[in-house]
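Architecture and fold: a report
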Amino acid sequence: MKKIAIFTTTIIAAYLILLNYSIWRANIADADALRVFSQNPESGLVLFEKSLSYKSPYKSEYQFDLIASVGGAIEKGISLNNLEDTVNFVLDEADKAILAHPKSASSYTDMAKIYNIFGTLGRDPGILAQAESYGQKSLELSPNRQETLFYLARTALLQNRPDIAVERAKQAVAADSTIGASHWYLGLSLVANNQSAAGIIEIKKALELGYQLQNQKEKDLVNGLGI
């Protein structure tokens, strides 16, 4: 009996040592990926894949780091090799990440954001429908969540439904009028809904509240409106 106990203890100890080693290696790969991605996206992606290959209870954190990095690069217009394959890989990891947090409103909000970003690449109806679905799920868990509301406004804009976008953005502003992003999306929605004068007021308000233009497209839009 004593030998069995010793053997069991040894096996458990060995497992914990291996698990901790795996977590350590995964953390290093993830940190390296975050560090190099902006300078070398391809190398960053390899490191992200490496971090995800290890057994770790924190895998969803690495997945969200991957998602945020690739989404940010696309939004900023950074060139990525094998874009279609990269997007498919990230969307697959995004689905896995959300399964690990099925009751987290913020996770669904993050998914709405990333699907919106990928939805700008050709405005794929399926991707945009998924963005809307994630946004709705977030609101079910956390009604009137402001960030979700303005992401849903962006989804509606990408779907060419400016009236719905205006409605969502107004809800976001009502939730907290001090957040620049909500005014930004309300402004965009109003302009798209043929209410340019009101839209320009909201965009100016967004900039006054510190909204940072994300890419050249947004800068061109502001310049085109004479702001």
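Let us look at the structure shown here.

About the criteria used
Residues numbered from 1 in each chain as written. Predicted model: local features only at pLDDT ≥ 70, side-chain atom pairs only at ≥ 80, totals over all residues. Heavy atoms only, no water. Helix = DSSP H or I, 4+ residues; strand = E, 2+ residues; numbered from the N terminus. Buried < 20%, exposed > 50% of the residue type's maximum accessible area, 1.4 Å probe, protein only. Axes fitted to C-alpha atoms, helices over the stretch in contact; angles between N-to-C directions. Parallel < 35°, antiparallel > 145°, perpendicular 65-115°, else oblique. Left-handed = near helix turned anticlockwise from the far one by under 90°. Contact = heavy atoms within 4.5 Å. Nonpolar A, V, L, I, M, F, W, Y, C, P; charged D, E, K, R; others polar. Phe/Tyr/Trp six-rings, centres within 6.5 Å; stacked < 30°, edge-to-face > 60°.

1. Observations concerning unusual backbone geometry
Residue N82 is not a glycine yet carries a positive backbone phi of 50°. Mapped onto the elements of the fold, N82 is located in the loop between helix 3 (59-75) and helix 4 (83-99). Although it is not a glycine, N194 sits at a positive phi angle of roughly 60°. Looking at the secondary structure, you find N194 in the loop between helix 9 (180-192) and helix 10 (196-208).

2. Here we look at the environment of P143
Relative to the elements of secondary structure, P143 occurs in the loop between helix 6 (125-141) and helix 7 (146-158). Overall, the relative accessible area of 58% leaves P143 in the exposed class. With 32 residues separating them in the primary sequence, P143 and A175 have C-alpha atoms 10 Å apart.

3. Quick notes on the packing of helix 5 (residues 105-119) against helix 6
Running from N to C, helix 5 and helix 6 cross one another at 160°; their axes reach a closest spacing of 8 Å. If you check the angle between helix 5 and helix 6, you find them roughly antiparallel. The handedness of the crossing between helix 5 and helix 6 comes out as left-handed. Between helix 5, through A105, Y108, T109, M111, A112, Y115, N116, F118 and G119, and helix 6, the contact on the second element is made entirely by I127, L128, Q130, A131, Y134, G135, K137, S138 and L141. Partitioning the contact of helix 5 with helix 6 into residue classes produces 11 nonpolar, six polar and one charged.

4. Some points on the packing of aromatic side chains
For the structure shown, the criterion picks out six aromatic pairs. Ring centres 6.0 Å apart and planes at 40° place the aromatic pair Y108 and Y134 in the tilted group. Taken as a pair, Y108 in helix 5 and Y134 in helix 6 lie far apart in primary sequence, 26 residues in all. With a relative accessible area of 8%, Y134 lands in the buried category. Members of the aromatic cluster, joined through ring pairs, are Y108, Y115 and Y134.

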